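As a plain string of letters, each chain reads:
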Amino acid sequence: MSGSLLLETAKWRDVVELGLCMAIHDVCNDSQFENCTPLDFANFLNVREVTKSIAVLPKEKLRVCYMVFAVARNISPRKEAETWARLFLQRCGIAKSYYDKHRSDICADYATEDNQNYRKSIDGAIEEWRSRRRTP
């Protein structure tokens, strides 16, 4: 296989597995991100160059930061997770400094009930995805 073909193929490799994309879409579609199809969301979450941009809804940056934090914990190797998080945050218009400061605010004791419920929804979706991955 030629080097250029390998590089082209690598650009299309999913960093975030499709099943995880769908689980996150179920929680975030039309809540944290504007309404979109599951396929558009999967392409957006994988930071595809040719995908349409999906806007973060007003006042949802904090929750998106937690979602990025939670998803990144399920990407390996760690360096790839960090690169993905940086690129995805750029796509969403969220500064890395804001993310670093607020990514775990939803886990704090002072988090609102709505934010606690959101965290539980994201964590539950990820756990459900993990359990399906283990099932033959």
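Structure shown above.
Just so you know, these numbers come straight off a predicted model, no measurement behind them. (Residues numbered from 1 in each chain as written. Predicted model: local features only at pLDDT ≥ 70, side-chain atom pairs only at ≥ 80, totals over all residues. Heavy atoms only, no water.)

By the secondary structure assignment, Met-22 is in helix α2 (residues 18-28). We classify Met-22 as partly exposed; its relative accessible area is 25%. Through-space distance from the C-alpha of Met-22 to that of Ala-42 is 7.1 Å; in sequence the pair is 20 residues apart. Residue contacts for Met-22: discarding those within four places in its chain leaves Pro-38 and Ala-42. (Helix = DSSP H or I, 4+ residues; strand = E, 2+ residues; numbered from the N terminus. Buried < 20%, exposed > 50% of the residue type's maximum accessible area, 1.4 Å probe, protein only. Contact = heavy atoms within 4.5 Å.)

The next subject is the packing of aromatic side chains. Aromatic ring pairs are reported here in terms of the distance separating the ring centres and the angle at which the planes meet. All told, the structure shown has 6 aromatic pairs when counted by the stated rule. Ring geometry for Phe-33 and Phe-88: centres 6.2 Å apart, planes at 65°, overall edge-to-face. Pair noted here: Phe-33 is in the loop between α2 and α3 (38-45) and Phe-88 is in helix α5 (residues 78-92), with a separation of 55 residues, a long-range link. Its relative accessible area of 0% is what places Phe-33 among the buried residues. Ring geometry for Trp-84 versus Phe-88: centroids 5.4 Å apart, planes at 15°, classification stacked. Of this pair, Trp-84 and Phe-88 both sit in helix α5, 4 residues apart, roughly one helical turn. (Phe/Tyr/Trp six-rings, centres within 6.5 Å; stacked < 30°, edge-to-face > 60°.)

Now for the packing of α3 against α5. The contact between α3 and α5 brings their axes to 10 Å, and the two run at 120°. The orientation of α3 with respect to α5, classified from their angle, is oblique. Facing α3, whose interface residues are Asn-43, Phe-44 and Leu-45, α5 presents Trp-84, Phe-88, Arg-91 and Cys-92. The class makeup of the residues in the contact of α3 with α5 is 5 nonpolar, 1 polar and 1 charged. (Axes fitted to C-alpha atoms, helices over the stretch in contact; angles between N-to-C directions. Parallel < 35°, antiparallel > 145°, perpendicular 65-115°, else oblique. Nonpolar A, V, L, I, M, F, W, Y, C, P; charged D, E, K, R; others polar.)

Its volume calculated, the second largest pocket comes out at about 250 Å³. Every residue along the wall of the second largest pocket is listed here: Phe-69, Ala-72, Arg-73, Arg-78, Ala-81, Glu-82, Ala-85, Arg-86, Lys-96, Tyr-99 and Arg-103. Mapped onto the lining of the second largest pocket, the elements with two or more residues apiece are α4 (61-72), α5 and α6 (96-102). At 5 residues, α5 tops the list of elements feeding residues into the lining of the second largest pocket. Grouping the constituent residues of the lining of the second largest pocket by class yields 5 nonpolar, no polar and 6 charged. (1 Å grid on protein atoms, 1.4 Å probe; cavity = no way out; pocket = protein on both sides within 12 Å on 5 of 7 lines; lining within 4 Å. Points joined across faces, edges and corners; volume = space filled by probe spheres on them.)

Okay, the environment of Asp-14 next. Mapping Asp-14 onto the fold places it in the loop between α1 (3-11) and α2. Taking relative accessible area as the criterion, Asp-14 reaches 32% and is therefore assigned partly exposed. C-alpha separation for the pair Asp-14 and Ala-42, spaced 28 residues apart in sequence, amounts to 8.9 Å. Those residues within four positions of Asp-14 in sequence are excluded, and the remaining contacts are Asn-46 and Arg-48. Engagement of the side chain of Asp-14 in a polar contact is seen with the side chain of Arg-48, the distance being 2.3 Å. (Polar contact = N/O pair within 3.5 Å; in protein donor to acceptor, adjacent residues only side chain to side chain.)

Time to look at the packing of α4 against α5. At their nearest, the axes of α4 and α5 sit 10 Å apart, and the two run at 155° to each other. Relative to α5, the element α4 lies roughly antiparallel. When you trace α4 past α5, the crossing you get is right-handed. When α4 is examined against α5, the residues Val-64, Met-67, Val-68, Val-71 and Ala-72 are found in contact with a partner set consisting of Ala-81, Trp-84, Ala-85, Phe-88, Leu-89 and Cys-92. Of the residues assigned to the contact of α4 with α5, the class counts are 11 nonpolar, no polar and no charged. (Left-handed = near helix turned anticlockwise from the far one by under 90°.)

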